[in-house]
Amino acid sequence: QGKGLFATKNIRKGETVFVERPVVSSQFLWNALYNYRACDHCLRALETAEENAQRLLGKSSLVLPHPEQCSIRKDLHQQCPRCQVTYCSSECRQAALEQYHQVLCLGPSRDDPTHPLNKLQEAWRNMHYPPETSSIMLMARMVATIKQAKDKEWWIKAFSQFCSKTANEEEEIVHKLLGDKFKGQLELLRLLFTEALYDEYLSRWFTPEGFRSLFALVGTNGQGIGTSSLSQWVHACDALDLPMLEREELDAFIDQLYKDIEKESGEFLNCEGSGLYVLQSCCNHSCIPNAETSFPENNFLLHLTALEDIEAGEEICISYLDCCQRERSRHSRNKILRENYLFTCSCPKCLAQADDADVTSDEEEEGEGETDDAELEDEMTDV
């Protein structure tokens, strides 16, 4: 669990507790496969709401009403002149260049499969299929950030704030992320990571133990980042002051749009990357959380919002489980938490259900139809 975060004042339900920028973030490597394009720095969607809906529907003729409610400004998009990586603005291009992109820029080698960075990314794609829950490139950006930094110790201290594990726990986390062949896969990743990014100052991160520790840090603390121009357009439309009939028509259009998207593309997921957030990583888990994270600005800025009134001195808790998982039995919830986060929950809900039979939700539902295992993958929050 996290270190614990406590309210310093009374917070009302619906109030923003804090807005946080990640120490480092990265979009998932599988985004390109789905033709999803996000700013390579802040993960803001680069496609308009209409393009987002057309892609998810597989229907290029779709026209969205109220296009003025889409905030995407394509005229502001910029590319790195050397490697053509795309950013949503000149500010993001400059921020990336100053923090890590000088080390990671592939230049004319962007399409060269023998380039060490390309080999590392291809190996990751072959090991970690969608839905991604972490990314080797988050670790690469950590290394690149320190390699570029003038004050390297400041950045090392920043990364050391995140929860670290014992060797046995690290092994379990890596095993969970990479599957049964994790030892062979992890060593291959380490060798490729070393070939692409080795730095004498960070030599301990490239040893087998240090690399496993780095991998576990990202696996435990990485927060999924969801950006969607379509979601932002829907929220903007919800806020429009419209005549009753027009409001009903627009709401019906949006409801049908989401139904059609679910039929065509499956559960609508807008989780496109992961990042390391200092405050968010301090939040402990509860199966009845009093706060939740979201990304309403369509970029990597994390908003923590109160789900109920929180009094000064009270602990602020989020859920490491998605809504579906929270409805499962206590035994099922703790099975997921032990496998992914290595702890057993003792929140009020779990304590109240302590005498319940140790049976998983799957076993409870046997004979009532098949359960959808995909729901376990749908919400990519932390791991």
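Counting from 1, residues in each chain are numbered in the order their sequence is written. Confidence filtering applies because this is a predicted model: local features only for residues at pLDDT of at least 70, side-chain atom pairs given and counted only at 80 or more, and all residues used for totals across whole chains, interfaces and linings. Based on all heavy atoms of the structure, the side-chain values leave hydrogens and waters out of the count.

Quick notes on the side chain of N221
- Relative to the helices and strands, N221 resides in helix α8 (residues 208-221).
- Pairing of N or O atoms within 3.5 Å defines a polar contact, subject to two protein rules: one partner must be a possible hydrogen donor and the other a possible acceptor, and residues neighboring in sequence count only if both atoms are side-chain atoms. Reaching out from N221, the side chain makes a polar contact with the backbone oxygen of L217 at a distance of 2.9 Å.
- Contacts: residue pairs with any heavy atoms within 4.5 Å of one another. With sequence-adjacent residues up to four places away left out, N221 is seen in contact with F162, C163, G275, L276, Q280 and S281. Helix and strand assignments follow DSSP, with helices taken as H or I runs no shorter than four residues and strands as E runs no shorter than two, numbered in order from the N terminus.

Quick look at the domain arrangement of the protein
- We note that the domain assignment places domain 1 (5-21 + 277-356) and domain 2 (24-224) within the protein.
- Where each domain begins and ends follows an automated or database-derived domain assignment. Taking only C-alpha atoms into account, the centre of domain 1 sits 25 Å from that of domain 2.
- Taken residue by residue, the interface counts 15 residues in domain 1 and 18 residues in domain 2.
- As used here, buried area is the combined drop in accessible area, with a 1.4 Å probe, of two parts when they are placed together. Summing both sides of the interface, domain 1 and domain 2 together bury roughly 1400 Å²; the carbon and sulfur share of this comes to 53%.
- Of all residues in domain 1, N298, F300 and L342 bury the most surface against domain 2, accounting for 39% of the area lost on that side.
- For the side of domain 1 that touches domain 2, the secondary-structure elements that each account for two or more residues are α11 (278-282) and α13 (330-341).
- When its residues are assigned to classes, the side of domain 1 that touches domain 2 shows seven nonpolar, six polar and two charged. For this classification, the nonpolar set comprises Ala, Val, Leu, Ile, Met, Phe, Trp, Tyr, Cys and Pro, the charged set comprises Asp, Glu, Lys and Arg, and every other residue, Gly included, is treated as polar.

Topic: α13
- Here a helix's expected span is defined as the number of its residues, less one, multiplied by 1.5 Å. Between the first and last C-alpha of α13 there are 16 Å, a value that for twelve residues agrees with the 16 Å anticipated at 1.5 Å per step.
- Categorising residues by exposure relies on relative accessible area from a 1.4 Å probe, with only protein chains included: less than 20% of the type maximum marks a residue as buried, more than 50% marks it as exposed, and the intermediate range marks it as partly exposed. Looking at α13, one finds that the buried residues are R330, S332, R333, N334, I336, L337, N340 and Y341.

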